[in-house]
Amino acid sequence: MMMTELVADLRTQAAWQALHEVRSGMVLGLGTGRTAIAFIRLLAGKMHSAELSDIRAVPTSDETAALASELDIPLTALDEHQQLDLVVDSADDVDPSLNLIKGLGRALLREKIVAIHARRFLVIVDESKLVQRLGERNPLPVEIVPFEVGAHVRWLNTLGCRAELWLEENGAPVVTDNSNYLARCWFPGGISDPYLLAAELAKRPGIVEHGIFLDMVDQVIVAGEDGIRKLERYR
Ligand code: A5P
């Protein structure tokens, strides 16, 4: 099996495991990205075969909303359900404390909004996402307002990272579902104190949200070549 096929297969295995957590009647949060797409497709299959019924879901991106609609998964909103029974999403980095970097699929703001309404937040990943330190392999995405965008990126560069505005191949800024821009921040050796960094980012006008998810996850399902592992965080 080619490496890309293997990872795709691991994503599907993690998604299958997550499906065991879904019960009829649940209100779900649906993540964004390739692993979340695998889960959404499997979920739709179970709904079509009537093994699961009366499911509604809050999507974390326009892309996820479009896929769910196409697959006849009924959508709902937080105005209707302030608590979601289960949110299933993936991540870019998972550290040993089960803190995350998310957002390289460009959906971090809605993902975080949906995740804080979860009774149970389940993250599904292939084992390549496990890191010792957040940011040691991937940049941290940060959602910023377009107004005076250069000033936000310059400030991000004072935080011990190399920050750049995230651009499309044609040179235009990446625009999120919320009509904001994204910066990517590379921290040499990773982020030494994610709590401190998250607090700094939260204080700064112009920074809408960032991809560090701290103390939010209940369980991470990790699919690896040696099988499935379930990592629990006890609140
Ligand atoms: C989306 O914005 C991200 O947070 C995704 O959860 C993350 O990028 C993982 O995506 P893949 O499943 O595509 O690796």
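Parameters at a glance
- Residues numbered from 1 in each chain as written.
- Predicted model: local features only at pLDDT ≥ 70, side-chain atom pairs only at ≥ 80, totals over all residues.
- Heavy atoms only, no water.
- Helix = DSSP H or I, 4+ residues; strand = E, 2+ residues; numbered from the N terminus.
- Buried < 20%, exposed > 50% of the residue type's maximum accessible area, 1.4 Å probe, protein only.
- Contact = heavy atoms within 4.5 Å.
- Areas by Shrake-Rupley, 256 points an atom, 1.4 Å probe, with all protein chains shown as cover.
- Lys, Arg positive; Asp, Glu negative; His and termini not counted.
- Charge placed at Lys NZ, Arg CZ, Asp CG, Glu CD.
- Pairing = 2+ DSSP bridges.
- Axes fitted to C-alpha atoms, helices over the stretch in contact; angles between N-to-C directions.
- Near = heavy atom within 4 Å.
- Polar contact = N/O pair within 3.5 Å; in protein donor to acceptor, adjacent residues only side chain to side chain.
- Parallel < 35°, antiparallel > 145°, perpendicular 65-115°, else oblique.
- Left-handed = near helix turned anticlockwise from the far one by under 90°.

A. Representation of the overall build of the protein within the structure. Scanning the protein from N- to C-terminus turns up six helices and 13 strands. Residues classed as buried in the protein amount to 53% of the 235 residues present. When contacts within the protein are restricted to residue pairs at least 6 apart in sequence, long-range pairs at least 24 apart make up 73% of them. Accessible surface computed for the protein: about 11000 Å², of which carbon and sulfur atoms make up 50%. Counting 24 positive and 34 negative side-chain charges, the protein places the averaged centre of each group 3 Å from the other.

B. A look at the sheet that holds strand β2 (residues 56-59). Here six strands make up an open sheet; going across it, the order is β2-β1-β3-β6-β12-β13 and the pairing mixed. In the strand order of this sheet, the two ends are held by β2 and β13 (227-232), each with one partner. Taking each pair of neighbouring strands and ignoring which way they run, the sheet shows an average axis angle of 20°. Where strand β3 (residues 86-89) meets strand β6 (residues 121-126), three bridges bridge the pair, whose relative direction is parallel. Paired with D89 across the two strands is V123, which belongs to β6. Against the sheet, helix α2 (residues 34-48) engages β1 (27-30), β3 and β6, with an angle of about 145° to β1.

C. Expanded view of the site of the ligand. What surrounds the ligand is a group of 16 residues, the closest being R34, T35, D92, G103 and K129. T32 has a polar backbone atom sitting 3.3 Å from an oxygen atom of the ligand. In the model, an oxygen atom of the ligand is placed 3.3 Å from a nitrogen or oxygen of the R106 main chain. Relative to its free-state accessible area of 380 Å², the ligand is covered by the protein chains to the extent of 97%.

D. Region of interest: the environment of A118. Summarising the element assignment, A118 is placed in the loop between α4 (108-115) and β6. By relative accessible area, A118 is classed as buried at 11%. Considered as a pair, A118 and V88 are 30 residues apart in the sequence and their alpha carbons are 9.3 Å apart.

E. Looking closely at the packing of α2 against helix α3 (residues 62-70). Across the interface, α2 lies against α3 with an axial gap of 10 Å and an inter-helix angle of 20°. Classified by the interaxial angle, the pair formed by α2 and α3 is roughly parallel. With respect to the hand of their crossing, α2 and α3 are arranged in right-handed fashion. On α3, the residues that touch I37, I40 and R41 of α2 are E63, T64 and L67.

F. Representation of unusual backbone geometry within the structure. One non-glycine residue, A50, lies in positive phi territory at about 65°. Along the chain, A50 falls in the loop between α2 and β2. Assessed through its relative accessible area of 60%, A50 is described here as exposed. One non-glycine residue, D72, lies in positive phi territory at about 65°.

G. Structural detail: the packing of helix α1 (residues 3-19) against α2. Running from N to C, α1 and α2 point in directions that differ by 50°, and their axes come no closer than 8 Å. By the criterion of interaxial angle, the relationship of α1 to α2 is oblique. Regarding α1 and α2, the two cross each other, and that crossing is right-handed. Taking contact as the criterion, the partners of R11, T12, A15, W16, A18 and L19 in α1 are, on α2, R34, T35, A38, F39, L42, L43 and K46.

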